[in-house]
Amino acid sequence: MSKYRKLTHVYYKCDYHIVFTPKCRFRVLEGMVKSLVEHDLQVISTWKDVIIQEMNVQKDHVHLVCSIPPKVSISEFMGVLKGKMAIKLFKTYPSLRQKPYWGNHFWSRGYFVSTVGLDEDMIRRYVKYQEHHE
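No experiment lies behind these values; they were computed from the predicted model shown.

A.B. asks: Residue-level account of the state of the cysteines, with values.
C.D. replies: Under the defined criterion, the tally for this structure stands at zero disulfides. For Cys66, which is in no disulfide, the shortest distance to another cysteine sulfur is to Cys14 and amounts to 11 Å. Residue classification places Cys66 among the buried residues on the basis of a relative accessible area of 0%.

A.B. asks: Explain the packing of aromatic side chains to me, and be specific about the residues and the numbers.
C.D. replies: For the structure on display, the rule yields three aromatic pairs. Measuring from centroid to centroid gives 5.0 Å for Phe20 and Trp107, while their planes differ by 70 degrees, and the two rings are edge-to-face. Pair noted here: Phe20 is in strand β3 (residues 15-20) and Trp107 is in the loop between α3 (95-98) and β6 (112-115), with a separation of 87 residues, a long-range link. This pair shows no difference in class: Phe20 is buried, exactly as Trp107 is. With 4.9 Å between their ring centres and 80 degrees between their planes, Phe106 and Trp107 make a pair best called edge-to-face. Of the residues examined, Trp107 reaches a relative accessible area of 7% and is grouped as buried. Through successive ring pairs, a cluster of aromatic residues spans Phe20, Phe90, Phe106 and Trp107. Lying over the aromatic face of Trp47, Lys48 brings its terminal NZ or CZ to 5.1 Å of the ring centre.

A.B. asks: Break down the nonpolar core for me, citing the residues and quoting the values.
C.D. replies: Burial of nonpolar side chains together is a common tendency in soluble globular proteins. If you look at the biggest cluster of nonpolar residues, it comprises 32 residues, and the most contacted ones within it are Phe20, Val37, Leu41 and Trp107. Of all elements in the fold, only β3, α1 (32-47), β4 (51-57), β5 (62-67) and α2 (74-92) reach the threshold of two or more residues within this core. Looking at which element gives the most residues to this core, the answer is α2, with nine residues. Setting aside chain neighbours within four positions, we find Val37 in contact with Leu29, Val57, Val62, Met85, Leu89 and Trp107.

A.B. asks: Give a detailed account of the environment of Gln130, specifying residues and quantitative values.
C.D. replies: Along the polypeptide, Gln130 turns up in helix α5 (residues 130-133). Sequence separation between Gln130 and His63 is 67 residues, and the spatial gap between their C-alpha atoms is 9.0 Å.

A.B. asks: Let's hear about the pairing of β3: which residues, and what values?
C.D. replies: Within β3, six of the six residues are buried, which leaves the element mostly enclosed by the surrounding structure. Burial along β3 is two-sided: the face carrying Asp15, His17 and Val19 and the face carrying Tyr16, Ile18 and Phe20 are both buried. Pairing geometry for β3 and β5, over six bridges, is antiparallel. Following the sheet pairing, Tyr16 is matched in β5 by Cys66. The sheet contact formed by β3 and β6 spans four bridges and is antiparallel.

The rules behind each value
Residues numbered from 1 in each chain as written. Predicted model: local features only at pLDDT ≥ 70, side-chain atom pairs only at ≥ 80, totals over all residues. Heavy atoms only, no water. Disulfide = S-S within 2.5 Å. Buried < 20%, exposed > 50% of the residue type's maximum accessible area, 1.4 Å probe, protein only. Phe/Tyr/Trp six-rings, centres within 6.5 Å; stacked < 30°, edge-to-face > 60°. Helix = DSSP H or I, 4+ residues; strand = E, 2+ residues; numbered from the N terminus. Lys NZ or Arg CZ within 6 Å of the ring centre and 35° of its normal. Core = buried A, V, L, I, M, F, W, Y, C linked by side-chain atoms within 4.5 Å. Contact = heavy atoms within 4.5 Å. Pairing = 2+ DSSP bridges.

This is the structure we're talking about:
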């Protein structure tokens, strides 16, 4: 894959490292829930023309290294991503809604984002091999 991507009137390289967590960092992202989150990340990213370069879903957080086009803001992408995944998770696993601490919110309100620049290889290795470091 080329280092730069192209839209109609722009060439760009907008790579980001994003980390987000379930509400209160509950350790629920395992088994079928993890599979559903990984699948939905791919589907929603394709829909928004975002390329996921590295993805790692841990029990209590998600790491992404992705390329987001300039026509999509990071906050818009994260809002759609977390919103659509929460709706689908609650429909697929209604037991998640039963617990007193969930209500209608699956993900915590915030997220971490950092631009990926000169240390791209280091960040991609960190995300890919995160499980081995813990």
